[in-house]
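What follows is the residue order along each chain.
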Number of protein chains: 2
Amino acid sequence: MTTRESRPVAGTDPRTGSPLAPGAVETTPDGLDEIVAAAADAAPALEALGRAGRARLLRALARALDRAREEIVAAADAETALGPARLGGELTRTVYQLEFFAGVLDDGGYVEATIDLAGETPMGPRPDLRRMLVPIGPVAVFGASNFPLAFSVPGGDTASALAAGNPVVVKAHGSHPGTSRLVHELLQKALTAAGLPAGTLGLVFGRTAGERLVAHPAIKAVGFTGSLSGGRALLDIIGTRPEPIPFYGELSSLNALVVTAAAARERPGEIGTGLIGSVTASSGQLCTKPGLVLVPAGADGDAVVEAARSALGDAPVIPLLNQRIHQSYLDGTARLTGVPGVSTVARGVPSAGGGFWVAPWLASVDAADMPDEAFAEYFGPAAVVARYSTQAELRAVVDRLPASLTATVHLGADEKADELVAALGRRAGRLVFNGYPTGVSVGWAQHHGGPWPSTNSLHTSVGATAIRRFLRPLAWQNAPVHLLPDELSDEPVCPLPRRVNGELRVPR
Amino acid sequence: MTTRESRPVAGTDPRTGSPLAPGAVETTPDGLDEIVAAAADAAPALEALGRAGRARLLRALARALDRAREEIVAAADAETALGPARLGGELTRTVYQLEFFAGVLDDGGYVEATIDLAGETPMGPRPDLRRMLVPIGPVAVFGASNFPLAFSVPGGDTASALAAGNPVVVKAHGSHPGTSRLVHELLQKALTAAGLPAGTLGLVFGRTAGERLVAHPAIKAVGFTGSLSGGRALLDIIGTRPEPIPFYGELSSLNALVVTAAAARERPGEIGTGLIGSVTASSGQLCTKPGLVLVPAGADGDAVVEAARSALGDAPVIPLLNQRIHQSYLDGTARLTGVPGVSTVARGVPSAGGGFWVAPWLASVDAADMPDEAFAEYFGPAAVVARYSTQAELRAVVDRLPASLTATVHLGADEKADELVAALGRRAGRLVFNGYPTGVSVGWAQHHGGPWPSTNSLHTSVGATAIRRFLRPLAWQNAPVHLLPDELSDEPVCPLPRRVNGELRVPR
């Protein structure tokens, strides 16, 4: 135990492979218990703030991050090599997410306030019943490797859980402990300035602490973005709890992209070029990267692939996030290359130096003879093109697709493709038309989720409804007026949409 | 296998303990696979009906049941001994549930239709994004012992799953196979008359078939009402699936009822009498039966208990549903009676004959010295009164309460009890004031759920939002108009509430 107590947690410079100065130490079991207990103790204060108070709080957290922009981006770039441009954009998005959830709180529709006044029904008299969603309790959030800000300490899971009124304990990702600690300190200061307990947002380091966090009885939900194996391991820990809790894992996604014959004929160059932009964006380390591309056989499809090959020639060699991802990319693409029938379309020139540099890579395979390896996700700037000769071949591949966050189809002008789109819709959470799945905008209508193994089907981790994951319903029957929350009172101080006797009513 | 293939499934007459004529045979593994495959094949037709078509379908199912009222009630009474009055009421409720979900479909708000039109945002340009909830896929429903209609083949789980657009496979409860088969045949006829495949609603018999059903890859969600151990066993099977699926279990509920000192002073007789009415309703076999009652020590509390004792003396001896429940009730109450400090307040006279007859039973214990056995659910007409002398004693018991579907508090006129109510609210899904938790009205604001082990916290099995369990979000990005569902089109044929660019809009 003594060695674990003092074991340092350090990131690595992806550009050189050299270890960075330790950013933190692993959290001990006792330390973990204290942090979770502090989170549980903080719950009443956070809930008591109410919607208006929590909206103010989220805006204060956003300002605190924005004010430290330079320092945050520098820290994140040192640990991830994602570059100042991408990281600056990610910070902007992170700030926006916090502000967006403040707007969700202002609106108030997310609590689903519903009032059935006492009266007669076909089933006899009914009591006065009022229902709304309330905070579920302390939430564990696991930071993602590929978004040191937007899906980590101050990310969408944290923003939506805090907005819902739940304290959060974040398990920092091992790739960016320094960034995690820096951002956590900034948020802690803002929380304290707002009069909230420090336990409102906890931070822990190390795999053991993460496992113990998920098993802790005071934790009531888990948000996770990472690998399928990592998610499955946490799910197995949850299975051993006396009380199972919801696990919101965003785990694995192939993100098939289908180019129809008509689309290939009409705009081969645009599609091939756009595809490579999407495959190599953020070094290919996006959960929505298109990993399998269905292109028709023949001259039109050849033109799509040629445009992609040409675009890939211009793509820079890039460093991946960490040693594990780097090795996994090298192993995966080497394994795929060795499968009979798989040919390499194009490959950038890998760097000879240290660090986690890799070359973008595009392979090709015959859709009539698809190996299982072509349906796997290769995390990094790699994609497989499958060439199909008939609609039956295309459909057979679609029917084998693992469920994903997204499915994309490029159609010809006015092309009907109802059956294809319906089949893709059964295997994805977001259908993208004539575009690319990378770039997940934050908004009311966004959905970032899909059937297993992309996520657990029912919920999203991006967009307004991400807050629903961290709420539970509670009903009041014949409650005295003074015991009702504002949202369910006869004249709410902060107006909100409500359904009264079955009729949805919107303020103003 | 051959013995299992032909093993009959028969109920028992609870009034005599004699076996009834077999109502069905156990479903073979091959039979189960065929039924699930038929359900999966039926999905597109049910979804294609649309909201208006499914609303018509649910109303047709309701009519089919109502027309066979006498036959259904007689069959259910033979297998459950719940009596024609209660079963007639349950059928009325079952019919009402189907009609209610038709109204939920008419309204359309449940799909959460949301449209963000393309435009500029602080994050840069956003695409046209449209999101709604779509059917999750075939649903497994486990019939409950205590509601042969309202929580079985045609019950709330089935109604909400069909309304959502999902085929259903019901696992019949072993206590009422004949009723299950009868009702299933009536519904099948109505489905066929509506032009739907017979696979839209399947029915299977036997424990093995139930286990295989939950493990089947085509099943996408499970609704279950039953014991904690039975639910845990199904949850463990789900844990072994490659694809985990949501399990909606309604499992166990103590339903504490607190009488404050002021309430005991103001209306002891009313509370004591009402309590026994709630404890013995439907032979005490309701998931919302109050099982632990906190009453102040002293003369006012004595008057509450005396009124309860007196009311219990009038309560009839009643037959429980089956041999397992009967034995469990006898064992449980005997075990509790043997615990030091537990005294029997009143007990009806048990019948000497055959069958599953039991006497209602009320025990008393000192709140300062509560045994674990006083926090257990005894399924049947039994309750434990705990007498508290101080607010600290009351609060200590409240802090030990297992989470339940409900928590009830009887207050004095104008009494403040914010902290007590907040503590109860953390342990329940519905807070009942100055009333009783039994009697769960079906409506928009109802919530029938609560933290584990009552359910899985986030969802309800009664009321409009029960439909949310069987839906998943899907988003369309830059979709051509002809590929959008009606709910997300620019001018929907069937109007519904929608959020457009963040603003909630209600038709008319």
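Residues numbered from 1 in each chain as written. Chains lettered and ligands numbered in written order. Predicted model: local features only at pLDDT ≥ 70, side-chain atom pairs only at ≥ 80, totals over all residues. Heavy atoms only, no water.

## What to know about the overall build of chain A
Heads up, the condition is: A run of H or I in DSSP becomes a helix once it reaches four residues, and a run of E becomes a strand once it reaches two; helices and strands are each numbered from the N terminus. Buried residues are those whose accessible area, probed at 1.4 Å on protein chains only, stays under 20% of the maximum for their type, while exposed residues exceed 50% and partly exposed ones sit between those limits. By the convention used here, residues are in contact when the closest approach between their heavy atoms is within 4.5 Å. Surface exposure here means Shrake-Rupley accessible area, sampled with a 1.4 Å probe, where a residue is shielded only by the protein chains that are shown. For this count, His and the chain ends are skipped, Lys and Arg are scored as positive, and Asp and Glu as negative. To locate a charge, take NZ of a lysine, CZ of an arginine, CG of an aspartate or CD of a glutamate.
A tally of helices and strands in chain A yields 15 helices and 23 strands. The dimensions of chain A, computed from C-alpha atoms along their principal axes, are 75 × 65 × 40 Å. Out of the 508 residues in chain A, the part that is buried amounts to 64%. Taking all contacts inside chain A whose residues are at least 6 apart in sequence as the whole, residues at least 24 apart take part in 73%. For chain A, the accessible surface area stands at approximately 17700 Å², while carbon and sulfur atoms represent 55% of it. Measuring between centres, the 44 positive side-chain charges of chain A sit 2 Å from its 50 negative side-chain charges.

## With respect to the interface of chain A and chain B
The criterion, for reference: Here the quantity called buried area is the accessible surface, traced with a 1.4 Å probe, that two parts lose on coming together, added over both. Here a salt bridge means any side-chain nitrogen of Lys or Arg lying within 4 Å of a carboxyl oxygen belonging to Asp or Glu. Polar here means any residue other than Ala, Val, Leu, Ile, Met, Phe, Trp, Tyr, Cys and Pro, which are nonpolar, and Asp, Glu, Lys and Arg, which are charged; Gly is therefore polar. In short, DSSP must find at least two bridges between two strands for them to pair.
Taken residue by residue, the interface counts 73 residues in chain A and 73 residues in chain B. Summing both sides of the interface, chain A and chain B together bury roughly 5900 Å²; the carbon and sulfur share of this comes to 61%. Applying the counting rule to chain A against chain B returns two salt bridges. The closest approach of N and O atoms between arginine 499 of chain B and aspartate 107 of chain A, which form a salt bridge, is 2.9 Å. The element contributing the most residues to the side of chain A that touches chain B is strand S21 (residues 471-477) of chain A, with seven residues. Grouping the amino acids of the side of chain A that touches chain B by side-chain chemistry returns 36 nonpolar, 18 polar and 19 charged. Where strand S20 (residues 428-433) of chain A lies against strand S21 (residues 471-477) of chain B, three bridges are found, and the strand directions are parallel. When the bridges of S21 of chain B are listed, valine 432 of chain A appears paired with glutamine 477 of chain B.

## Topic: the domain arrangement of chain A
All names here are of chain A. The criterion, for reference: Domain start and stop points were drawn from an automatic or database domain assignment. In protein, a polar contact means a hydrogen-donor-capable atom and an acceptor-capable atom, both N or O and within 3.5 Å, with residues adjacent in sequence counting only if both atoms are side-chain atoms; elsewhere, any N or O pair within 3.5 Å suffices.
One can read the domain layout of chain A as domain 1 (28-251 + 459-470) and domain 2 (257-433). On a C-alpha basis, the centres of domain 1 and domain 2 stand 33 Å from each other. Facing the twelve residues of domain 1 at the interface are twelve residues of domain 2. Together domain 1 and domain 2 conceal approximately 860 Å² of surface at their shared face, both sides included; 55% is due to carbon and sulfur atoms. For domain 1, the biggest contributors to the area lost against domain 2 are Ser145, Asn146 and Glu250; these three give 40% of the whole. Counting every contact that joins domain 1 to domain 2 gives zero salt bridges. Taken together, the connections running from domain 1 to domain 2 amount to three residue pairs in polar contact (both at pLDDT 80 or more). Residues that form the side of domain 1 that touches domain 2 fall into these classes: four nonpolar, five polar and three charged.

## Topic: the nonpolar core
Counted only if it meets this: As used in this record, nonpolar core signifies buried Ala, Val, Leu, Ile, Met, Phe, Trp, Tyr and Cys residues forming a set joined through side-chain atoms within 4.5 Å.
In terms of nonpolar packing, the biggest core is built from 244 residues, with Trp476 of chain A together with Trp476 of chain B touching the most fellow members. Non-local contacts of tryptophan 476 of chain A, meaning those with residues more than four positions away in its chain, are made with Asp128, Leu129, Arg130, Met132, Val134, Leu483, Leu484, Pro485 and Leu488 of chain A together with Leu431 and Phe433 of chain B. Counting residues in each nonpolar core, the second largest holds 22 residues, with Ala218, Leu234, Ile238 and Phe247 of chain A among its members.

## As for empty space enclosed by the protein
Rule in force here: Here a cavity denotes grid points, spaced 1 Å and computed from the protein atoms alone, that fit a 1.4 Å probe unable to get out, and a pocket denotes an open set having protein on both sides within 12 Å along at least 5 of 7 lines; residues with an atom within 4 Å of a point are the lining. Grid points are joined across faces, edges and corners, and a volume is the space filled by probe spheres set on the points.
Applying the stated rule across the entire model yields eight cavities of 30 Å³ or more. Quantified by volume, the largest cavity comes out at close to 870 Å³. Every residue lining the largest cavity is counted, 40 residues in all, and those nearest its centre are Gly109, Tyr110 and Glu112 of chain A together with Gly109 and Glu112 of chain B. Elements supplying a minimum of two residues to the lining of the largest cavity: strand S22 (498-500) of chain A together with helix H5 (84-107) and strand S22 (498-500) of chain B.

## Some points on helix H11 (residues 268-280) of chain B
Residues and elements named next belong to chain B. Rule in force here: To estimate how far a helix should reach, multiply one less than its number of residues by 1.5 Å.
The first and last C-alpha atoms of H11 sit 19 Å apart over 13 residues, in line with the 18 Å expected at 1.5 Å per residue. Within the span of H11, buried status applies to Pro268, Ile271, Gly272, Leu275, Ile276, Ser278, Val279 and Thr280. Immediately beyond the C-terminal end of H11, within one or two residues, lies serine 282, with a positive phi of roughly 50°.

## Points about the packing of helix H3 (residues 50-67) of chain B against H5 of chain B
Residues and elements named next belong to chain B. What counts, and what does not: Geometry is summarised by axes, namely lines fitted to C-alpha atoms with helices restricted to the contacting stretch, and by angles between N-to-C directions that run from 0 to 180 degrees. Note on terminology: angles under 35 degrees are roughly parallel, angles over 145 are roughly antiparallel, angles of 65 to 115 are roughly perpendicular, and the others are oblique.
Between H3 and H5, whose axes approach to 8 Å, the crossing angle comes to 170°. Here H5 runs roughly antiparallel to H3, going by the angle between their axes. For the pair H3 and H5, the contacting residues are Arg51, Arg54, Ala55, Leu58, Arg59, Leu61, Ala62, Leu65 and Asp66 in the first and Leu91, Thr94, Val95, Leu98, Glu99, Phe101, Ala102, Gly103, Leu105, Asp106 and Asp107 in the second. Tallied by class, residues from the contact of H3 with H5 come to eleven nonpolar, two polar and seven charged.

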